[in-house]
Amino acid sequence: AEFSLVLVLLLLLFLALLSIGLWAYARTVLTSAAADAARAAANYDVTDAVTTEQVAAQLGDGVVGGTRSSLRCTSGADGLLVTVTCTMEAPGIVGLLNGVMPAIEVTGHSAKETVE
């Protein structure tokens, strides 16, 4: 009887740690995709829609890409510095748990490369 009570608590702890790990992984992948999109935006002056499509393509169809529908990216330039900010709902272990963790917001930066 005691084993079943402890097993439930251990299972909940394991699932919580797995959710935190998945959130951290999704944040890392989104950060990398935002940095790549910033490099493209710096060189080609693309719109926010194109930037969002590029980031969504890099997320893929896996676990991290499960919340691509909530992805929003904006880009802006301040002199030679281009900034891409992306926000996405956190993926869950299963589809029912999408959005349980805090939303992920990352920023990628790149410098414009100009030839004069």
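This structure is a prediction, so every number in the text was calculated from the model and none was measured.

Conventions we followed
- Residues numbered from 1 in each chain as written.
- Predicted model: local features only at pLDDT ≥ 70, side-chain atom pairs only at ≥ 80, totals over all residues.
- Heavy atoms only, no water.
- Helix = DSSP H or I, 4+ residues; strand = E, 2+ residues; numbered from the N terminus.
- Rg over C-alpha atoms; globule rule 2.2 N^0.38 Å.
- Buried < 20%, exposed > 50% of the residue type's maximum accessible area, 1.4 Å probe, protein only.
- Contact = heavy atoms within 4.5 Å.

J.: Looking at this structure, I do not really get the overall build of the protein. What am I missing?
T.: A count of helical and extended segments in the protein gives 2 helices and 3 strands. Secondary structure elements in the protein, listed N-terminal to C-terminal, are α-α-β-β-β. On C-alpha atoms alone, the protein measures out to a radius of gyration of 18 Å, which is more than a quarter above the 13 Å that the 2.2 N^0.38 rule sets for 116 residues. Judged by the C-alpha coordinates and their principal axes, the protein covers about 75 × 20 × 15 Å. Per-residue burial over the protein gives 29% buried out of 116 residues. Taking the contacts inside the protein whose residues are at least 6 apart along the sequence as the reference set, 56% of them involve residues at least 24 apart.

J.: Please clarify how the side chain of Thr-52 should be interpreted in this entry.
T.: Along the chain, the position of Thr-52 falls in helix α2 (residues 48-59). Relative accessible area serves as the criterion here: at 18%, Thr-52 is assigned to the buried category. Sequence-distant contacts of Thr-52, defined by excluding residues within four places in its chain, comprise Leu-71, Arg-72 and Cys-73.

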